[in-house]
Amino acid sequence: MAVLVFVELSQREVKMSSRAALSYASALKDGEEASIEAFNPLIDDSYFSVKQVSREKATGKVLLPEADIVVSGGRGLKGPENWGMIEELAEALGAATGYSKPVSDIDWRPHHEHVGQTGLKVAPTLYITIGISGAIQHLAGVNQSKYIVVINKDTDAPFFKAADFGVVGDAFEVVPKLTEAIKASK
Amino acid sequence: MPDTTSRIAFTNNNTEFDKAGVRFVIGPYDDYALARVVELKEQRGGSITALNVGEAETKPTLRKALAIGADDAIHGNANPVDSFFVASQIAEVAKGENYDLILMGGESIDFNGGMVHGMVGELLGISSLSPVVKLEIENGVASLAREIEGGKELLEVSLPFVAGCQEPITEWKIPNMRGIMTARIQPLRVVEPTGDAVATETTLYELPPEKGSIKMVDEDSMGELVRLLKEEAKVL
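This is a predicted model, so every value here is computed, not measured.

## Observations concerning the overall build of chain A
Item 1. From N to C terminus, chain A includes four helices and seven strands.
Item 2. Mapped from its N terminus to its C terminus, chain A presents α and β elements in the order β-β-β-α-β-α-β-α-β-β-α.
Item 3. Seen through its C-alpha atoms, chain A measures out along the principal axes to roughly 60 × 40 × 35 Å.
Item 4. Evaluated residue by residue, chain A yields a buried proportion of 35% over its 186 residues.
Item 5. When contacts within chain A are restricted to residue pairs at least 6 apart in sequence, those whose partners lie at least 24 apart make up 55%.

## Structural notes on the interface of chain A and chain B
Item 1. Across the boundary between the two partners, chain A contributes 49 residues, which contact 48 residues of chain B.
Item 2. Of all elements in the fold, only strand S1 (4-9), strand S2 (50-57), helix H3 (136-142), strand S7 (165-168) and helix H4 (171-184) of chain A reach the threshold of two or more residues within the side of chain A that touches chain B.
Item 3. Among the elements that take part in the side of chain A that touches chain B, S2 of chain A stands out by supplying eight residues, more than any other.
Item 4. Classifying every residue of the side of chain A that touches chain B by side-chain character gives 27 nonpolar, 13 polar and nine charged.
Item 5. In this sheet, strand S12 (residues 215-216) of chain B lies alongside S7 of chain A in parallel orientation, the contact comprising two bridges. Following the sheet pairing, Gly166 of chain A is matched in S12 of chain B by Met216 of chain B.

## Some remarks on the sheet that holds S2 of chain A
Item 1. Pairing in this open sheet of six strands is mixed, and the strands run S2(A)-S8(B)-S7(B)-S6(B)-S9(B)-S5(B) from one edge to the other. Two strands lie at the open edges of the sheet, namely S2 of chain A together with strand S5 (101-105) of chain B, each paired on one side alone. The sheet shows a mean angle of 35° between the axes of neighbouring strands, direction not considered.
Item 2. Note that S2 of chain A and strand S8 (residues 151-158) of chain B share seven bridges and pair antiparallel. Following the sheet pairing, Val50 of chain A is matched in S8 of chain B by Val157 of chain B.

## Brief notes about the pairing of S7 of chain A
Item 1. Relative to S7 of chain A, strand S6 (residues 147-152) of chain A runs parallel, the two sharing four bridges. Considered in S7 of chain A, the bridge of Val150 of chain A is made with Gly166 of chain A.

## Some details on the nonpolar core
Item 1. Residues Ala65 and Cys165 of chain B are the most contacted members of the largest nonpolar core, which totals 48 residues.
Item 2. Per element, the largest residue contribution to this core is seven residues, and it comes from helix H1 (residues 28-44) of chain B.
Item 3. Setting aside residues up to four positions removed in sequence, Cys165 of chain B forms contacts with Tyr29, Tyr32, Ala33, Arg36, Leu103, Met104, Gly105, Gly106 and Val132 of chain B.
Item 4. Counting 43 residues, the second largest nonpolar core, distinct from the first, contains Ala67, Val103, Ala171 and Val175 of chain A.

## Section: the environment of Gly27 of chain B
Residues and elements named next belong to chain B.
Item 1. Summarising the element assignment, Gly27 is placed in the loop between strand S2 (16-17) and H1.
Item 2. Counting along the chain gives 39 residues from Gly27 to Leu66, while the straight-line C-alpha distance between them is 15 Å.
Item 3. Apart from the residues within four sequence positions on either side, Gly27 is in contact with Met1, Gly105, Ser108 and Ile109.

## Some thoughts on the environment of Gln186 of chain B
Item 1. Checked against the element boundaries, Gln186 of chain B lands in the loop between helix H5 (177-185) and strand S10 (188-191).
Item 2. For the pair Gln186 of chain B and Gly164 of chain B, spaced 22 residues apart in sequence, the C-alpha to C-alpha distance is 27 Å.

What counts and what doesn't
Residues numbered from 1 in each chain as written. Chains lettered and ligands numbered in written order. Predicted model: local features only at pLDDT ≥ 70, side-chain atom pairs only at ≥ 80, totals over all residues. Helix = DSSP H or I, 4+ residues; strand = E, 2+ residues; numbered from the N terminus. Buried ≥ 20, exposed ≤ 12 C-beta atoms within 10 Å, placed from the backbone. Contact = placed C-beta atoms within 7 Å. Nonpolar A, V, L, I, M, F, W, Y, C, P; charged D, E, K, R; others polar. Pairing = 2+ DSSP bridges. Axes fitted to C-alpha atoms, helices over the stretch in contact; angles between N-to-C directions. Core = buried A, V, L, I, M, F, W, Y, C linked by C-beta atoms within 7 Å.

Coordinates in, geometry out; function isn't part of it.
Set out below in C-alpha cells:
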C-alpha cells in the first residue's frame, strides 16, 4: 500500500525536493511566475571522478515508467516462449510490458521490465496482470495504478483482493480472446 | 526497516509509525549491497563494516549482516528521524575511517526516499551513484552499470564513492549456520548520535483509501470486460 506522508521542511537555506513522474500534477498559483537564472559553471575534467563509458536505451517501444497502460506477465506464463501473446495484447492496447520478480530471477525477460518492490514502481491508469499471484512484494510496485485487472486461473490468488476487475481462467485462452475483443472494439 | 508483510499503523495522532509487534529486517536493496560487498571481499580481500542507524529493535539486522559476512558491525543508536539525519550519522562514522566503498540499498522499503546515498556522498565530498546494477573493481577503479529509464549506462568511477544498489547487481546471500553462530558472540560497536541535523518534520501519515469490491468477469466474456473498461473505468 502507499502511505501519504505530510512533511514540513525545516528552516534551512536550501530546500530541494523531487517527485516521481506521474505522481501528481504541478500547479502554479494564478499570476505566479518562477524566476529562471542562467547558471554557467566553469568546470574542467579534473572535477569528475565519474566517467561515462556508454549508454544504451530501448527505443521505439512504449517505455514502462511513462506508460498509461501496462500489461504484466508472471510465472503463470510458464516460459519465455509464451510471451508473444503478452506483446500482442500490449500492442493492441498501446501498452508497455512488464513482469514480476520470479520471471526476473529466471531471466525470461530483460531486467529493466521487472515491476515490484525491488523493481520498477509503476502508476499507470490501467494495469493488467496475467499469471501473477499478487504477492505483497509485487503489489508494492503497482498499487498506485488507477485500475487493476487480474487474469489468473487460481480463484484464491491474492491479487484478486487488490483488483478492480478479475477474470478466473487459463491465461492461454483468455488473453487471445481479450486481444480480439480489444481489436474489435476499435 | 519493517518487514514487507508488517501491519502498517500510526500512533501519536498519526505522526509516528507504530512499531508494536513489527519485525525489523535488512531492507532488500541493502541486502543486495551486502551480498555484493561480500563477493568483492571474497575475490579481493579487505574488510567489511556493517552500519545501521536505528533503535534497539534493529540490532538483529546487524547480527544478520555479520552472519552473511561483515567483519564488524556498528550500531548508530538513534531514532532514524529522516534521511538527512541518517546520512549525517553515517558520514560522521565514515569521516573517522578510510572506507574505499560505501554501499547501501538504492532506497529503503519503508520511506523509499532514495536520498541517503546522495546525501552521504555530499557530506563526505565524494561521488555517489544510484541505482547501481553491476559493480566490478580493478586497480582502484570501479566499472559499474547504472540503470536509467529504459536502459543502462556504463561508468568508470575512482574510489572512494557511495553506491545505492539494486538488482540484478547480484543475488541475495543466506547466512550459513557457522556465520550465524559466530555472529551471535561478536561485539557490536555502539555509536551515539552526534548533532541533531534533521531537515524535515513529519506532520501527518495517511493511509490510502480502501479499494472497492472487485468486479469479476467470466472468461468467455472479454467483450464485456472491454466494455467495462471503456464505459465504467473509462480507461480505454
